[in-house]
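Read off the chains here:
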Amino acid sequence: MLEVFNNLDTLLKGFWMVAIPTSVIFIIQMTLTFIGSDASDGTSADFDGDLDGDLDGGDTPFQLFSFRNLMNFLLGFSWTGISFYKIINNQLLLITLAIVVGVLFVYLFFLIIRALMRLSEDNTFKLSETIGKTAEVYIPIPEYKQGRGKVTISIHGTIHELEAMTTGERLPSNTIVKIISIDDAVLFVERL
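Values in this document were obtained by computation on a predicted structure and should not be read as measured data.

Okay, the sheet that holds strand 5 (residues 158–166) next. The mixed closed barrel is built from five strands, whose spatial order is 3-4-5-7-6. Within this sheet the neighbouring strands show an average axis-to-axis angle of 55 degrees, counted without direction. Two elements, strand 4 (residues 149–155) and strand 5, share seven bridges in a ladder whose sense is antiparallel. The residue bridging I155 from the neighbouring strand is T158, located in strand 5.

Okay, the pattern of salt bridges next. According to the stated counting rule, one finds three salt bridges in the structure shown. Here E163 makes a salt bridge to R148, at a shortest N to O gap of 3.0 Å. Taken together, the positions of E163 in strand 5 and R148 in the loop between strand 3 (134–139) and strand 4 put the pair 15 residues apart, joining distant regions of the chain. Relative accessible area serves as the criterion here: at 34%, E163 is assigned to the partly exposed category. Given the relative accessible area of 48%, R148 is considered partly exposed. Here E161 and K150 are joined by a salt bridge, their closest N and O atoms 3.4 Å apart. With E161 in strand 5 and K150 in strand 4, this pair connects stretches of sequence that are 11 residues apart. Since its relative accessible area comes to 25%, K150 is described here as partly exposed.

This part takes up a nonpolar patch on the surface. A cluster of nonpolar residues, I20, V24, I28, L32 and I35, forms a patch on the protein surface that exposes about 440 Å² of accessible area. Inspection of the secondary structure assignment puts I35 in helix 2 (residues 10–35). Of the residues examined, I35 reaches a relative accessible area of 59% and is grouped as exposed.

The rules behind these values
- Residues numbered from 1 in each chain as written.
- Predicted model: local features only at pLDDT ≥ 70, side-chain atom pairs only at ≥ 80, totals over all residues.
- Heavy atoms only, no water.
- Pairing = 2+ DSSP bridges.
- Helix = DSSP H or I, 4+ residues; strand = E, 2+ residues; numbered from the N terminus.
- Axes fitted to C-alpha atoms, helices over the stretch in contact; angles between N-to-C directions.
- Salt bridge = Lys/Arg side-chain N within 4 Å of Asp/Glu carboxyl O.
- Buried < 20%, exposed > 50% of the residue type's maximum accessible area, 1.4 Å probe, protein only.
- Patch = residues over 30% accessible without salt bridge, like charges linked within 9 Å, V, L, I, M, F, W, Y side chains within 5 Å.
- Areas by Shrake-Rupley, 256 points an atom, 1.4 Å probe, with all protein chains shown as cover.

Below, the structure is given as structure tokens:
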């Protein structure tokens, strides 16, 4: 086996020398991730290359220069070089293709992390989110200080039925109102 390896072309031998340890480390990382022992990659370069992107109001912590991304790049780079070695005779083109695929591996990892971060968004309902929004009167709201009615409002794609009062005249059902303030879990609304 060692004799076969020694007889390989230098470029192919280099791809194999990168692919074998990178694949072993990748398998170890993946195993640790699945069993829950690897909360973060724990190793990072001195250069802080965070790519903070906006995900519907949230930040995506993605460290560009990390050990895990280095392994992702080397995995794509080395296996592309090995796979296309006999197909692409131009060594410069082969190395360029291997680099492009390595970068695509890192980008794919970024997309996966971004999708996972979306799963962890906090979509709990907060009454304060209703201020300034429009709602529809569900149960008529009597005149100011004469009682309470109810409105329906959609927040984060969920319809909520909430108690409401008005500071003015009576508001019948199906009236569109704007929420102007909140007091003791009661919305104060005005006609639009």
